[in-house]
Amino acid sequence: MAVERDLRNRNWWTEFGKAATRAKASPLLLGRAADGKGSGSSGGGGGGDGEGGGLSRRLGLADLILLGIGASIGAGIFVVTGTVAHDAGPGVVLSFALAALVCVPNALSYAELSNHFPALVGGAYMYSYSTFNELTAFLVFCHLMLDYHIGAASITRSLASYFITLLQVFPVVQSLPAWVGPGGLELLGGVLSINVLAPLFLVALTVILCQSVRESSIINDIMTVTKVVIVLMVIAVGCSKVDPSNWTPFAPNGATAIITGTTIVFFAYVGFDAVANSAEESKNPQRDLPLGILVSLLVCAGLYVGVCLVITGMVPYFELGGDAPLANAFREKGLTFVSVLIDIGAVAGLTTTVLVGLYVQSRLYLGLGRDGLLPSFFAKIHPDHHTPIVAQIWVGLVAAILAGLFNVSHLSHILSVGTLIAYSVVCACVIMLRLNPEVQWQQLEVQPSDKGLTRSQEAVVCIVSIALSGFLLGLCYRTGAHVAYGIALLMVMALLAIPLHTRQEYVRPSGFCCPWVPLLPVLSIALNMFLFAQLHWEAWVRFIVLNIIAILVYAFYGQHHAGANTTLNQHSPLYQRAP
């Protein structure tokens, strides 16, 4: 009996290992044209897997740019700019500029992969599934989804609060019960926090998203344009009240405060995955997705820097702070009407952030439903509206329950893990997909060489080691360790990058491609892990616990259902180039 049990355990681990290391068939890369099969609206769109046909390609370049802006710019542009400026001084301008600069390699990596994986939704999940393996892709999905679920509920709570504040200019709305007004009605010692307005917002947004993507895109376009116009008006009006003497000293607390500010505002640029997940609904994904990612990043950076210059020029930096620093600055200058505009812009900004977040979540669930890692009903597409109806209702329901019953803003310090993981994995995907000629990549190099590790395995070891070194460097900075430790870790990373450059051969694909591979993606991975080390320690605990839970879910469900929807060692028609 003991022998049989031991044999069963070995067989289980063997099957688990085989399933976990499965990968999507390599898409058509490196300029090789599609043969035309499957590149129509059904094959190229990947709609054949879900019931009711595929998604419809309705999004143009302007829609994608506004989608990225809508995902990135919320009420934070009116709040975070001032709160960070309170510590960094006028140097907050450099904090936002450096954060945008750090995001550029991430954006370039997303742009390259969106150009060469244009046919399906999935973003970072789909890229890692095709590049690495099934388990890595599932872990990326789980971390992103936790960020999206909690983020949607938390932001909707803020949206309800701003909305009530905006309505309180009318006397009839001055007094509202706690379960309607800002905050919520706390029960059971604060375990429950009832708010009925936030779920109503989520229901309305879910109904909009269940319609055609064109309708939801129009709503996002209108509200994003509204908030951008308001931000530009705030900048224009504020310029007339700027006192240049307030910009001196520029960095009152030194470079350390500016770098710390960079680690905080980095998460103001999070629109890449939203644009990448719209691949199946873009009219011309290979051209528009890279442009949408990069242009939205540049626009967001320009708006953030503009607001920072105005707010630090209007009011001395040490007077900034509180819940509404920008609005307070304009009130002090006698421009009360601008504070009303800021509230309107905050409502519009938060609405688009939630709208885009729910949109991305449903497309991720759609991708996993198609692949079998989640139940297949998530892949159901409405025959008339061409939207993932079940997935969209599910993500709206989860967010509504969280926002209606709990004050999840207390969990904000454990967020952003999924963002950093997704960014790092996408950068690693660029390196690995460039690594070998196409014929070698199609064979997946699964046969180890007689000399030990294959070239792909060597590259993975170097990338993981660089990521770990970047994390340790971040810990050294966070704990104030001696500078010698930081220099030593930088030297280790440089040594690890040398074999990536000298021992590997990289192929430059056609179309848009990230420059300076592997240097730029490797630098981006190190910076992402440096920022990961700056997160709250509970975020690290969340990373470990969620990985364990995700592996268990995959072991007992995902690995047994994904095989039917995955292919190995041959091209899947789902990954043909989009028309």
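Position numbers for residues start from 1 in each chain and track the written sequence from start to end. Whole-chain, interface and lining totals are the exception, using all residues; otherwise, since this is a predicted model, local features are given only for residues with pLDDT of at least 70 and side-chain atom pairs are given and counted only at 80 or more. Side-chain numbers come from the whole structure's heavy atoms, not from hydrogens or water.

**Section: helix 19 (residues 519-532)**
Rules: A run of H or I in DSSP becomes a helix once it reaches four residues, and a run of E becomes a strand once it reaches two; helices and strands are each numbered from the N terminus. Given a helix with a known number of residues, its expected span is that number minus one, times 1.5 Å. Exposure is judged per residue with a 1.4 Å probe applied to protein chains only, and the accessible area is read against the type maximum: over 50% gives exposed, under 20% gives buried, and values in between give partly exposed.
With 14 residues, helix 19 ought to run about 20 Å at 1.5 Å a step, and its terminal C-alpha atoms sit 20 Å apart, in line with that. Summarising burial for helix 19: 11 of the 14 residues are buried, a large majority. Those residues of helix 19 lying buried are Leu-520, Pro-521, Val-522, Ser-524, Ile-525, Ala-526, Asn-528, Met-529, Phe-530, Leu-531 and Phe-532.

**Describing the pattern of salt bridges**
Our working definition: We define a salt bridge as a contact between a side-chain nitrogen of Lys or Arg and a carboxyl oxygen of Asp or Glu at a distance within 4 Å.
Applying the stated criterion to the full structure yields 7 salt bridges. Notably, a salt bridge pairs Asp-63 with Arg-214, separated by 2.7 Å at the nearest N-O pair. Taken together, the residues Asp-63 in helix 2 (residues 61-72) and Arg-214 in helix 8 (residues 213-239) connect sequence positions 151 residues apart. Using a relative accessible area of 9% as the deciding quantity, one classes Asp-63 as buried. Between Arg-363 and Glu-281 there is a salt bridge, and its shortest N-O distance comes to 2.7 Å. Taken together, the residues span a long stretch of sequence, with Arg-363 in helix 13 (residues 336-371) and Glu-281 in the loop between helix 10 (272-276) and helix 11 (285-314) at a distance of 82 residues.

**A short note on the packing of aromatic side chains**
The condition is simple: Each aromatic pair joins two rings of Phe, Tyr and Trp (for Trp, the six-membered one) with centres within 6.5 Å, and gets the label stacked for planes under 30 degrees apart, edge-to-face for over 60, and tilted for any other angle.
Counted by the stated rule, this structure contains 24 aromatic pairs. Ring centres of Phe-138 and Tyr-554 lie 6.1 Å apart, and the angle between their planes is 45°; on these two criteria the pair is classed as tilted. Within this pair, whereas Phe-138 is found in helix 6 (residues 134-167), its partner Tyr-554 is found in helix 20 (residues 537-561), the two being separated by 416 residues in sequence. Here the aromatic rings of Phe-471 and Phe-532 are separated by 5.8 Å at their centres, their planes lie at 55°, and the arrangement is tilted. Of this pair, Phe-471 sits in helix 17 (residues 455-479) while Phe-532 sits in helix 19, and the two are 61 residues apart along the sequence. Each member of the pair, Phe-471 together with Phe-532, is buried.

**With respect to a nonpolar patch on the surface**
Formally: Only residues whose relative accessible area exceeds 30% and that take part in no salt bridge are eligible for patches, with like-charged residues grouped when within 9 Å of each other and nonpolar side chains (Val, Leu, Ile, Met, Phe, Trp, Tyr) grouped when within 5 Å. We get accessible surface area from the Shrake-Rupley algorithm with a probe of 1.4 Å; when it comes to residues, only the shown protein chains can shield them.
The grouping of Trp-12, Trp-13, Ile-544, Ile-548, Leu-552 and Phe-556 at the surface amounts to a nonpolar patch, some 690 Å² of accessible area in total. When contributions to the nonpolar patch are tallied by element, the ones reaching two or more residues are helix 1 (2-20) and helix 20. With 4 residues, the top contributor of residues to the nonpolar patch is helix 20. Of note, Ile-544 is situated in helix 20.

**A look at the packing of helix 11 against helix 12 (residues 325-332)**
What counts, and what does not: Axis definition: a line fitted to C-alpha atoms, limited for helices to the stretch in contact. Angles are taken between N-to-C directions and run from 0 to 180 degrees. Roughly parallel covers angles under 35 degrees, roughly antiparallel covers those over 145, roughly perpendicular covers 65 to 115, and oblique covers all other angles. Crossing handedness is read from the near helix: turned anticlockwise from the far helix by less than a right angle, it gives a left-handed crossing, and turned clockwise, a right-handed one. By the convention used here, residues are in contact when the closest approach between their heavy atoms is within 4.5 Å. Throughout this entry, Asp, Glu, Lys and Arg are counted as charged residues, while Ala, Val, Leu, Ile, Met, Phe, Trp, Tyr, Cys and Pro are counted as nonpolar. The remaining residues, Gly among them, count as polar.
Running from amino to carboxyl end, helix 11 crosses helix 12 at an angle of 45°, the nearest separation of the two axes being 10 Å. Judged by the angle between their axes, helix 11 and helix 12 are oblique. Like other packed secondary-structure pairs, helix 11 and helix 12 cross with a definite hand, here left-handed. Every residue of helix 12 that contacts helix 11 at Val-307, Ile-311 and Met-314 is listed here: Pro-325, Leu-326, Ala-329 and Phe-330. Among the residues making up the contact of helix 11 with helix 12, the classes are represented as 7 nonpolar, no polar and no charged.

**Brief notes about the nonpolar core**
Looking at soluble globular proteins, one finds that nonpolar side chains tend to be buried together. Let me state the cut-off plainly: By nonpolar core is meant a set of buried Ala, Val, Leu, Ile, Met, Phe, Trp, Tyr and Cys residues that side-chain atoms within 4.5 Å join together.
Core analysis: the biggest nonpolar cluster contains 163 residues, and Tyr-110, Tyr-125, Tyr-127, Phe-141, Tyr-269 and Leu-358 have the highest contact counts within it. The leading source of residues in this core is helix 6, at 18 residues. Those residues in contact with Phe-141 that lie beyond four places of it in its chain are Tyr-125, Leu-364, Tyr-365, Leu-368 and Leu-374. Counting residues in hydrophobic clusters, the runner-up holds 5 residues, among them Val-121, Leu-366, Ala-379 and Ile-381.

**Here's the deal with the environment of Leu-197**
Checked against the element boundaries, Leu-197 lands in helix 7 (residues 197-210). For Leu-197, a relative accessible area of 14% puts it in the buried group. It is 9.0 Å that separates the C-alpha atoms of Leu-197 and Thr-156, two residues lying 41 residues apart in sequence. Ignoring any residue separated from it by four or fewer positions in sequence, one finds Leu-197 in contact with Ala-160, Phe-163, Ile-164 and Val-180.

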